[in-house]
Amino acid sequence: MPRISRISRRTFLAGLGGLGGAAALTACSGSGGSQPPAADFEASGTPSPTPLPPVTVNAATGPVQVPGEPVRVVVLDTDVLDSVLTLGITPVGAALPAADTGFPAYWPASRTAGVRLVGPAGAPDLAALRALRPDLILSNQTRDGDRYEQLRAIAPTVLTQTTGAPWKANFQLHAQALSRVAAGAAFVASYQKHAGQVAGALAAAKLSGRKVSLVRFTEGGGIRLFGRQSFPGSVLADAGVGRPDAQNVDQSDFEIPLDQIGRADGDLLLYATYGDPEKAGEEAALASPGWQGLGAVKAHRAFPVDDQLWFQGIGYTGANFVLDELQRFLGA
């Protein structure tokens, strides 16, 4: 099956580098998303003339005092990468999942060009991280709980408990740690309006009843189906669309063997691959009789999506693009 072309994201994000972050976040062209009010900071991360006092945030590890308006921020997972860029700060360093070859394409290169890689997520190079002289480190306990003491010896470190399903609450903590609570609230309001507009458009087109399947082929993790307690599952719920029975569960994701690929069926099937397609099992699955017999495949309603957006773009900018792609796939 030929891969479909992605919707253009460059126009949407081109202004982020030169506008206040909250002012730049709108829905993609044609989505009808709203534009939140401009924030009173520069997207470059330059602090205000009068430095803010330190801020204490309640992280997963307990209260953490962080500098007011931190500028030299290092992010160690994809959710905090989205949060920091969304809020108008370009991090000085970042860790990416090991199989990723570059930064997510839904961010223009101009936003990530100056970011130094500090190793894979879950195993960052602490010497490289220290050399960046960060004033704040952001991550989660799932990735970095076992090296928290080492990280906090380098700079104040704010960890959420995990990533994925609690992405909205995590964003609130990230906004507090970055002294950008008001800007964060503007992004939240904009996303809520956008989700409501997409849900309304789908309902008007009588498409809300369509059941959308989410499948991810993962190198080292097999074939995974995603439930409601996941980032893409929560965005689909915000858009008011249904899920196949096998995925309409209070789980993040679960692995299935190839002989159970029928559980991946839906009215619309969206799939992505993390890592090498052959090692992840994508090539074998798509060539299998079970996959070819799926109703969505036979109806030509199975489409590949960008893994770094749909499954790693865990934040409000990523979620806005997911809403737009979902609406386009469903034809509303």
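See above for the structure.
Please read these numbers as outputs of a predicted model, since none were measured by experiment.

(A) Summary view of the sheet that holds strand E9 (residues 222–226). One open sheet holds the five strands; their spatial order is E10-E9-E8-E11-E12, and the pairing between them is mixed. Two strands close off the open sheet at either side, each with one partner strand: strand E10 (253–256) and strand E12 (302–304). Within this sheet the neighbouring strands show an average axis-to-axis angle of 30 degrees, counted without direction. On top of the sheet, helix H16 (residues 316–330) reaches strand E8 (212–218), strand E11 (268–274) and E12; it is set at about 135 degrees to E11, its chief contact.

(B) Geometry of the nonpolar core. Among the nonpolar cores identified, the biggest contains 62 residues, and Leu138, Val158, Leu270, Trp310 and Leu326 are the most heavily contacted of them. With eight residues, the single largest contributor to this core is H16. Not counting chain neighbours up to four residues away, the residues in contact with Trp310 comprise Leu214, Phe231, Pro232, Leu236, Leu270, Val305, Val322, Glu325, Leu326 and Phe329.

(C) The arrangement of the side chain of Asn170 in detail. The residue Asn170 is located in helix H8 (residues 167–177) in this model. Among residues more than four places away in sequence, those in contact with Asn170 are Asp79, Thr160, Thr162 and Thr163.

Calculation notes
- Residues numbered from 1 in each chain as written.
- Predicted model: local features only at pLDDT ≥ 70, side-chain atom pairs only at ≥ 80, totals over all residues.
- Heavy atoms only, no water.
- Pairing = 2+ DSSP bridges.
- Helix = DSSP H or I, 4+ residues; strand = E, 2+ residues; numbered from the N terminus.
- Axes fitted to C-alpha atoms, helices over the stretch in contact; angles between N-to-C directions.
- Contact = heavy atoms within 4.5 Å.
- Core = buried A, V, L, I, M, F, W, Y, C linked by side-chain atoms within 4.5 Å.
- Buried < 20%, exposed > 50% of the residue type's maximum accessible area, 1.4 Å probe, protein only.

These figures come from the coordinates and say nothing about function on their own.
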